[in-house]
Amino acid sequence: MAGENVADGKPSDSGDVKDPVVKDAAVNAGVDDEVADAVIAKAIDIVAISEAAAALQIPVVHQRGPMRPGQLRSVRARQSRRLASHAFRAVDVLLVLAVTVVLVVRAAPGSALQAPIALVAPFVLGLLVLNHVLTAIGVYRFDRSTSWYYHLAMVVGITVFVGACTAGVADLLDSTGVAREAIRWWAPIAVLGLAVLHLLWWAQVRHWRKRHWLTPNIVLVGATARAEHLINEALARGDINVLGVFDDRLERSPMNVLGVPMLGNTDALLTHRVMPHVDLIVVTVDPSATARVREIMAKLSVLPNPITMVVDQEDETARIAAVAHLADAPLAPLGRATDPDRKAIAKRVQDLTVAIPMLVAVLPVLVVTAIAVKIDSRGPILFRQKRHGFHNEAIMVMKFRSMRHAAADAKAERQVTANDDRVTRVGRFLRKTSLDELPQLFNVLHGEMSLVGPRPHAIGMKTGDTESSQLVADYAHRHRIKPGLTGWAAVHGSRGPLHLPADVKRRVALDVEYIERQSLGLDLKIMFLTLPALLGDRSSIR
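Residues numbered from 1 in each chain as written. Predicted model: local features only at pLDDT ≥ 70, side-chain atom pairs only at ≥ 80, totals over all residues. Heavy atoms only, no water.

S.K.: I'd like to hear about the environment of Val423, residue by residue, with values.
M.R.: Within the secondary structure, Val423 sits in the loop between β8 (394–400) and α14 (425–433). Along the sequence, Val423 and Ala407 sit 16 residues apart, while their C-alpha atoms lie 8.8 Å from each other. For Val423, the contacting residues outside a window of four places in its chain are Ser402, Met403, Arg428 and Arg431. (Helix = DSSP H or I, 4+ residues; strand = E, 2+ residues; numbered from the N terminus. Contact = heavy atoms within 4.5 Å.)

S.K.: Before we move on, can you summarise the pattern of salt bridges with the specific residues and values?
M.R.: On inspection of all chains with the given rule, the structure shows twelve salt bridges. A salt bridge links Asp247 to Arg292; the nearest nitrogen and oxygen atoms lie 3.1 Å apart. Here Asp247 is found in the loop between β2 (241–246) and β3 (256–257), whereas its partner Arg292 is found in helix α11 (residues 290–300), with 45 residues between them in sequence. Here the two residues Asp247 and Arg292 agree in accessibility, since each one is buried. The partner of Asp511 in a salt bridge is Arg478, with the nearest N and O atoms 2.8 Å apart. Of the two residues, Asp511 is situated in helix α17 (residues 501–517) and Arg478 in the loop between β11 (466–467) and β12 (484–486); the sequence distance between them amounts to 33 residues. Connected via shared salt-bridge partners are Lys399, Asp436, Glu437 and Arg455. (Salt bridge = Lys/Arg side-chain N within 4 Å of Asp/Glu carboxyl O. Buried < 20%, exposed > 50% of the residue type's maximum accessible area, 1.4 Å probe, protein only.)

S.K.: How would you sum up the sheet that holds β3? Please name residues and give values.
M.R.: Strands pair in a sheet through their backbones, by hydrogen bonds, and they do so in one of two ways: parallel or antiparallel. The strand order across the open sheet formed by six strands is β3-β4-β2-β1-β5-β6, and the pairing between neighbours is mixed. The sheet is open, and its two borders are formed by β3 and β6 (307–309), each paired with just one other strand. Sheet topology note: the strand β1 (residues 217–221)/strand β5 (residues 280–283) ladder contains four bridges and is parallel. Bridge pairing links Ile218 to Leu280 in β5. (Pairing = 2+ DSSP bridges.)

S.K.: Lay out helix α9 (residues 225–237) with the relevant residues and their values.
M.R.: The end-to-end C-alpha separation of α9 is 18 Å, in line with the 18 Å expected for 13 residues at 1.5 Å each. For α9, the set of buried residues is Arg226, Ala227, Glu228, Leu230, Ile231, Glu233 and Ala234. Regarding α9, its N-cap is Thr224, as a side-chain oxygen of that residue lies 3.3 Å from the backbone nitrogen of Arg226 further along. Once α9 finishes, Gly238 follows within two positions and takes phi at roughly 75°, a positive value. (Expected span 1.5 Å × (residues − 1). Polar contact = N/O pair within 3.5 Å; in protein donor to acceptor, adjacent residues only side chain to side chain.)

S.K.: Give me the nonpolar core: which residues, what numbers.
M.R.: One finds Phe88, Phe123, Leu130, Leu134 and Trp186 to be the most contacted residues of the largest nonpolar core, which totals 35 residues. Elements represented by at least two residues in this core include exactly α5 (84–107), α6 (117–136), α7 (148–173) and α8 (178–210). Once you skip the residues sitting within four places of it in the chain, Phe123 turns out to touch Thr100, Leu103, Val104, Thr166, Ala179, Ala182, Ile183 and Trp186. Within the second largest apolar cluster, 26 residues are counted, among which are Leu441, Val452, Ala489 and Ile515. (Core = buried A, V, L, I, M, F, W, Y, C linked by side-chain atoms within 4.5 Å.)

S.K.: Could you give an account of unusual backbone geometry, naming the residues involved and the relevant values?
M.R.: With a phi angle near 55°, His391 is a residue other than glycine that sits in the positive phi range. Note on placement: His391 falls in the loop between β7 (382–388) and β8. Even without glycine at this site, Asn392 takes up a positive phi of about 65°. Summarising the element assignment, Asn392 is placed in the loop between β7 and β8. With relative accessibility at 18%, the residue Asn392 sits in the buried group.

Shape descriptors only; they carry no functional weight alone.
Shown next, in the form of structure tokens:
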């Protein structure tokens, strides 16, 4: 396996020094050789290497890599752009539907509600077929390799073809010729409208591409020849960001692979701050090393990020196609049997549909509660805390302050207990009724949270003396979906502080069960069960 490790195209022969750049700088600065080796040997990722350099009082240049964008955006933030394909299609359907309704109303001999089937059926059939064909041929993917004029030609050509077919159906069904006369207007108006819309869609997608909203971010596991080939192709394409490389064999690994920095081993990957921005983890280890691959996959399985593997590609064309497959997902595909993107956009629509009127309805409650908090004790009205969001992203969650300001515990190192002396008088009522959580409706509107999902835990939250995230192997799986105001665990009694490892395991199990079963029906059920569950619970500490 040593022959696969590459450093600027060559294997590294540094056996006991993990960072030859720091080592050389240390020697040049006059630091004792043994002292330098002892300090550098403790470095397991780029952050630790920086600390090692600081300890030796020598300068070191941080490597961002040639493909890291100037501003890293989280997977959640970029997902809204990827899901735009659904919005584009919805607007297209509404346009054609509006044209259809207007023409049917004008062509109907009497009331539009009494229009004959022979008049309505061709339009309905044309609308359904047009929507299906545009989706099936991938028009809404806006592939990078397709020029704008070819894309526009496809939209116009398909619309004209469907219009001609619809006219043929109208001739068969309507002997009066009224339907055919209406369709003569339907096709040109639909063509013009869709052409204008798709020019706008194309311009918007192009703008997002320039801003790196649609460029997938990946990290590689394994500083191998396969990693070098992938990075080479990614550099040539310019439409995929390789943020870094991780490798368990750091003593034989280079500081970078073609300029892409080595960020540490797989243990460092599990908690690295870049991971909330990573769309995909690509394992570039030799697939024939089955034991090593199995070990890596088992270790990475706790992460919410998707994982794939690069297999042997002897043919240059096949290697290029493999990288193209990683990069060529600018917008969410439509029409898959099990479409997670479709579920995501449906959940977002559900959140906005419910949260906006809910926020308007509880606005008087928010005002009264804010006044009560301010009068009751000194300090800010709102308590802001960093918590885990989608893909382990750190999000700032808001709630009404329920504790004395001086006793605020941003990291939840000491969880709330019964009769906790830190809780204020108003805070005790707010926590008992969960009114302190209402400001999180703004987190929902902002897209950081959902109405239903696993409750967001504070970053660094402890159960006893141990971080809660270290107690359950599948803990990060609860971050495969946005956190929620309420959730499956909450309505099953698992809410409030987690004082025992068994409490953490039960909540994670319930959260993972919800993620696997998530649907609109289940979300509505949880929302209806939330209030009775809260009012009927006298045992939970909140």
